[in-house]
Amino acid sequence: MARTHSGTPAGSLLAELSEQIADDRESLREIMTALDVPAQWHRVVIGRLAEKAGRVKLNGRLVSRSPLSDVLELEAMRLGVEGKASLWRSLGTIADATTHLDPAAVARLLDRAHRQAAALEELRVEAAGRTFTTAAAAPTRADRGRTHGTPRFRLSRRVRWAS
């Protein structure tokens, strides 16, 4: 998403989040090493493949991005960050009971996850507002060609659930 949105207001925030997430992944590797937990590379590969498969959307657009793509991707990222925060909370619980983990470092990782989730939620709400208000305000075929009176707008099938 950072590459897709480079040069936009959200692009710099997404690039920063991308760097932080990479740092968090490295922190997790260090924690796993400290706790003598082996990396299960087959799960890493499956996770990467699932990420790639998640990018394929049946949105009726072969080449271009659907306006809904941003909303879905931000929701997926937010879920990932929430899962990571849950991991940091669990590690924080055991950090006091072991000498292998620094409780303050785990607390910093949890705090950063909370900030990441808040930033992603702000971007998601903005993207949802932009996507759904544009879709809801689009005139229907019946409205095209009407030149008198107030134009009629009808919610498309995609956003009807919100009404």
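Everything in this summary refers to the structure shown in the same document. (Residues numbered from 1 in each chain as written. Predicted model: local features only at pLDDT ≥ 70, side-chain atom pairs only at ≥ 80, totals over all residues. Heavy atoms only, no water.)

## Some points on the pattern of salt bridges
1) Next: Enumeration over the complete set of coordinates arrives at ten salt bridges.
2) Next: E121 is the salt-bridge partner of R124, the closest N and O atoms lying 2.8 Å from each other. Here the residue R124 and the residue E121 both occupy positions in helix α4 (residues 103-137), the gap between them amounting to three residues, near one helical turn.
3) Next: Its relative accessible area of 24% is what places E121 among the partly exposed residues. (Salt bridge = Lys/Arg side-chain N within 4 Å of Asp/Glu carboxyl O. Helix = DSSP H or I, 4+ residues; strand = E, 2+ residues; numbered from the N terminus. Buried < 20%, exposed > 50% of the residue type's maximum accessible area, 1.4 Å probe, protein only.)

## Comments concerning helix α3 (residues 67-95)
An α-helix turns once per 3.6 residues; consequently, residues spaced three or four apart project the same way.
1) Next: The terminal C-alpha atoms of α3, which comprises 29 residues, lie 43 Å apart, in line with the 42 Å expected from a rise of 1.5 Å per residue.
2) Next: Considered for burial, the residues of α3 that qualify are S69, D70, V71, E73, L74, V81, K84, A85, W88, L91 and A95. (Expected span 1.5 Å × (residues − 1).)

## What to know about the packing of helix α1 (residues 9-34) against α3
1) Next: It is at 12 Å that the axes of α1 and α3 come closest, and there the two elements cross at 35°. Where α1 crosses over α3, the handedness of that crossing is left-handed. Of α3, the residues touching α1 (which contributes L14, I21, D24, L28 and I31) are L74, M77, K84, L87, W88 and L91.
2) Next: Tallied by class, residues from the contact of α1 with α3 come to nine nonpolar, no polar and two charged. (Axes fitted to C-alpha atoms, helices over the stretch in contact; angles between N-to-C directions. Left-handed = near helix turned anticlockwise from the far one by under 90°. Contact = heavy atoms within 4.5 Å. Nonpolar A, V, L, I, M, F, W, Y, C, P; charged D, E, K, R; others polar.)

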